Amino acid sequence: MIKPDNNDLYDLNEALKVENLTINDYEEICKRLERQPNRTELGMFGVMWSEHCCYRNSKPLLSQFPTKGKNVLVGPGENAGVIDVGNNQKLVFKIESHNHPSAIEPFQGAATGVGGILRDIFTMGARPIAVLNSLRFGNIDKPKNVDLLRGVVSGIAHYGNCVGVPTVGGEIDFDDSYSGNPLVNVMALGLLETNEIVCSGARKIGSPVLYVGNTTGRDGVGGASFASSELTSSSLDDRPAVQVGDPFIEKSLIEACLDAFKTGDVIAAQDMGAAGLTCSSAEMAANGNLGISIDLDLVPSRENNMSPYQYLLSESQERMLFVVKEEKVSELIEKLDVDEDLANTLISNGYNSLESISSSEIEKLSQIDGFDDDISSLLINRAKDALLTMAMEVSTDDGKSGDLMSVEGMEMTLALELTQKGINDREELAEQSIEELTSIIDISEEDAGDLIMRARAHWFED
């Protein structure tokens, strides 16, 4: 929470100009808060009420488009639209512009436009499969327009190629009206990979909120307000408001997020795009009709001495917010004997179960920021011990042992391998088929059949 008396000394007229707000906006803010906003809060309203975030001017026009139909599964209001295209396939799509950033910094402006729209796709639980674009530039008899053209096309190609998502189509036109102020529209398509569509609304009070992905810096601060303002001769001074992307982190983020979503332990997800942490957290809370509490001291940063204003309005790329099931965090804290911060770090990096941790390689786990081989080895061994303990502690309704070790001839190493694959007790093993068992552990069909029958032996007892 930001204390109202912490940073409330500022020049109002200058602040309103910076945040692209009017005096009428300020009066409405005071009315809603029932007090004057401090400087950080004013910045938050500036980005949230910008055209880029809330479509305050274009919404009446956009509302005229049809958004409902028998095949429309998700319409406006989420990160992307979803339609049923038949054959058990769901297509996720989004169109977005990155005009002003591309006019100021054409390569990064266009590249981060691609990165942002790809995040909208995989945040829904879909794998991005294609990018398209629609571009407008001033006539190329002017060197400035040629430079913009080259920078934008290079930025789009660079980000898509690094992530591994091809640009499959596009169109382009030239006219003097776009001179120095291009239109850069990008569309992304994806196919749903999760059983359920991942939405952005938090649903349960007390659920942990996890920060996932890249660190936070000062790049892109106030980018949403900048993208909604009119370009002028001094717009080059706003170059720091253009974000800087890292497509290789985004590629890792795609895989980690899709893996996390498939577990069913992520309740809601939201990418940190325009307005960064402010918009993503506010949208998650609002879509679930809840509030949200954020401790900025826990936000991973890559720069020193950042202010609350910068943390909340930074648009550093490749960042996400998750709302996860509370019991998952509690389980890791209890079973691994770690604190909540470490448990959240594991979950945000895709290690959201004892099984995933115990089966990880030390070298892979050590890639997490702040981890080394010793910490990774310790966590892996604790996860294995916890799984073995769980495999030996199951009892049935009649008081008899129902753990894996109660199966005749069961070895500790095999019990551990089974628990790592999600088979935690004798009954779960007994319900397996030979085909299912041979598909998840290295065992012959003959041995699999014998093991299953030994697990079922209690079925035939008096």
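This is a predicted model, so every value here is computed, not measured. Just so you know, the residues in each chain are numbered from 1, in the order the chain's sequence is written. Per-residue local features of the predicted model are confined to residues with pLDDT of at least 70, and side-chain atom pairs are confined, for both listing and counting, to 80 or more; whole-chain, interface and lining totals are unaffected and use all residues. Water and hydrogen atoms were dropped before computing side-chain values, which therefore reflect all heavy atoms in the structure.

Some words on the overall build of the chain
This is how the line gets drawn: Put simply, DSSP marks the helices as runs of H or I at least four residues long and the strands as runs of E at least two long, and each gets a number from the N terminus on. Exposed residues in this analysis have more than 50% of their type's maximum accessible area, buried residues have under 20%, and partly exposed residues fall in between, with area computed by a 1.4 Å probe over protein chains only. Calculation of accessible area relied on Shrake-Rupley with a 1.4 Å probe; when residues are assessed, cover is drawn exclusively from the protein chains displayed. Note on charges: Lys and Arg go in the positive column, Asp and Glu in the negative column, and His and the chain ends are not counted at all. Taken as the charge centre is NZ of Lys, CZ of Arg, CG of Asp or CD of Glu, depending on the residue.
Counting secondary structure elements, the chain contains 21 helices and nine strands. Overall size of the chain, expressed as C-alpha extent along the three principal axes, is 85 × 50 × 45 Å. The buried share of the chain, reckoned over its 462 residues, is 46%. With an accessible surface of roughly 23,300 Å², the chain has 49% of that area assigned to carbon and sulfur atoms. If the 37 positive side-chain charges of the chain are averaged to one point and the 76 negative ones to another, these points end up 6 Å apart.

Focus on the packing of helix α2 (residues 23–33) against helix α3 (residues 39–48)
The axes of two packed helices give the description: the angle between them and the distance between them. Where we set the bar: Only the stretch in contact is used when fitting a helix axis, every axis being a line fitted to C-alpha atoms; angles between N-to-C directions are given from 0 to 180 degrees. Our angle categories are set so that under 35 degrees counts as roughly parallel, over 145 as roughly antiparallel, 65 to 115 as roughly perpendicular, and the remainder as oblique. By definition, any crossing whose near helix is turned counterclockwise from its far helix by less than a right angle is left-handed, and any crossing with a clockwise turn is right-handed. When checking whether two residues touch, look at their non-hydrogen atoms; a contact exists if any pair is within 4.5 Å. In the scheme used here, Gly and all other residues not listed as nonpolar or charged are polar, with Ala, Val, Leu, Ile, Met, Phe, Trp, Tyr, Cys and Pro taken as nonpolar and Asp, Glu, Lys and Arg as charged.
Put simply, α2 and α3 touch, their axes get as near as 11 Å, and they point 115 degrees apart. Comparing their axes, α3 and α2 come out roughly perpendicular. Like other packed secondary-structure pairs, α2 and α3 cross with a definite hand, here right-handed. Where α2 approaches α3, its residues Tyr26, Ile29 and Leu33 are matched on the opposing element by Glu41, Leu42 and Phe45. Residue composition of the contact of α2 with α3, grouped by class: five nonpolar, no polar and one charged.

Observations regarding unusual backbone geometry
Of note in this structure, Asn87 is not a glycine but carries a positive phi near 55 degrees. Within the secondary structure, Asn87 sits in the loop between β2 (81–86) and β3 (89–97). Positive phi, close to 60 degrees, is recorded for Asn88, a residue that is not glycine. Relative to the helices and strands, Asn88 is located in the loop between β2 and β3.

Section: the confidence of the model for the chain
The following threshold applies: For every residue, the pLDDT score states the predictor's confidence, bounded by 0 at the bottom and 100 at the top.
For the chain, the mean per-residue pLDDT works out to 86, and 91% of the residues sit at or above 70. Looking across the chain, the model is least confident in helix α9 (residues 223–228), with a mean pLDDT of 52, and most confident in strand β4 (residues 126–137), with 97. A low-confidence stretch, residues 1–6 stays under pLDDT 50, and its non-local contacts, those more than four residues away or across chains, total nine contacts. Across residues 395–399, where pLDDT falls below 50, the model places six contacts with residues more than four positions away in sequence or in other chains.

Focus on the pattern of salt bridges
Side-chain pairing between opposite charges can occur once the charged atoms of the two side chains come close. We apply this condition: Any carboxyl oxygen of Asp or Glu within 4 Å of a side-chain nitrogen of Lys or Arg constitutes a salt bridge here.
Summed over the entire model, instances satisfying the criterion amount to 16 salt bridges. Among the salt bridges present, the one from Arg35 reaches Glu41, with a minimum N-O distance of 2.8 Å. Residue Glu41 is classed as buried on the basis of its relative accessible area, which comes to 11%. One network of salt bridges, with partners in common, ties together Arg127, Glu193, Lys251, Glu255 and Lys262.

Let's talk about a nonpolar patch on the surface
Our working rule: What makes a patch is a set of residues exposed beyond 30% relative accessible area and free of salt bridges, joined within 9 Å when like-charged and within 5 Å when nonpolar (Val, Leu, Ile, Met, Phe, Trp, Tyr).
A contiguous nonpolar surface patch, about 320 Å² in accessible area, is contributed by Tyr55, Leu62 and Phe65. Mapped onto the elements, Phe65 comes out in the loop between α5 (59–62) and β1 (72–74).

Focus on the packing of aromatic side chains
The criterion, for reference: Centres within 6.5 Å make a pair out of two Phe, Tyr or Trp rings, where for Trp the six-membered ring is used; the pair is then stacked when the planes are under 30 degrees apart, edge-to-face when over 60, and tilted otherwise. Should the NZ of a Lys or the CZ of an Arg lie within 6 Å of a ring centre and within 35 degrees of the ring normal, that charge is described as sitting over the ring.
Tallying each qualifying case throughout the model produces three aromatic pairs. Measuring from ring centre to ring centre gives 5.4 Å for Phe261 and Phe322, while their planes differ by 50 degrees; the resulting arrangement is tilted. With Phe261 in helix α10 (residues 247–262) and Phe322 in strand β9 (residues 319–324), the pair connects residues that are 61 residues apart, well separated along the chain. Since its relative accessible area comes to 6%, Phe261 is described here as buried. Arg39 extends its terminal NZ or CZ atom over the ring of Tyr10, reaching a point 6.0 Å from the ring centre.

Examining helix α21 (residues 445–455)
In an α-helix, one turn spans 3.6 residues; hence positions three or four apart end up facing the same way. We apply this condition: Throughout, the arc means that of the directions going from the helix axis to the C-beta atoms.
Among the residues of α21, Ala448, Gly449, Leu451, Ile452 and Ala455 are the ones counted as buried. Projected onto a plane normal to the axis of α21, the buried residues spread over an arc of 165 degrees and lie on a single side. Where α21 is buried, its residues touch α18 (412–420), α19 (426–430) and α20 (434–440).

A word on the environment of Thr278
When you line up the elements, Thr278 lands in helix α11 (residues 276–287). Taking the C-alpha atoms as reference points, Thr278 and Leu312, 34 residues apart in sequence, are found 5.3 Å from one another. In this view, Thr278 contacts Met44, Val47, Met48, Leu312 and Leu313; residues no more than four positions away in its chain are not counted.

As for the sheet that holds strand β7 (residues 209–213)
Our working definition: Paired strands are those between which DSSP finds at least two bridges.
Spatially, β7-β9-β8 is the arrangement adopted by the three strands of the open sheet, whose pairing is antiparallel. The open sheet has two free edges, formed respectively by β7 and β8 (266–271), since each of these has just one partner strand. With strand direction ignored, the average angle separating the axes of adjacent strands in the sheet is 25 degrees. Of the strands in this sheet, β7 and β9 are in contact with helix α14 (residues 340–348), which crosses β7 at around 50 degrees.

Points about helix α8 (residues 143–163)
Put simply, the rule reads: What a helix should span is 1.5 Å times the count of its residues minus one.
Helix length check: α8 (21 residues) gives 31 Å between terminal C-alpha atoms against 30 Å at 1.5 Å per residue, within 8%. When we look at burial in α8, the residues that qualify are Asn145, Val146, Leu148, Leu149, Gly151, Val152, Gly155, Ile156, Tyr159, Gly160 and Val163. Each element contacted by the buried residues of α8 is listed here: α6 (99–104), α7 (106–122), β4, β5 (167–174), β6 (183–192) and α10. Directly beyond the C-terminal end of α8, a positive phi value near 95 degrees is found at Gly164.

Structural notes on the sheet that holds β3
Ordered in space as β1-β2-β3-β6-β4-β5, the six strands form an open sheet in which the pairing is mixed. Only two strands of the sheet have a single neighbouring strand rather than two, namely β1 and β5. Between one strand axis and the next, the sheet turns through 25 degrees on average, direction left out of account. Where β2 meets β3, five bridges bridge the pair, whose relative direction is antiparallel. Of the residues in β3, the one forming a bridge with Gly81 is Phe93. Running at roughly 30 degrees to β6, α7 makes contact with β3, β4 and β6 of the sheet.

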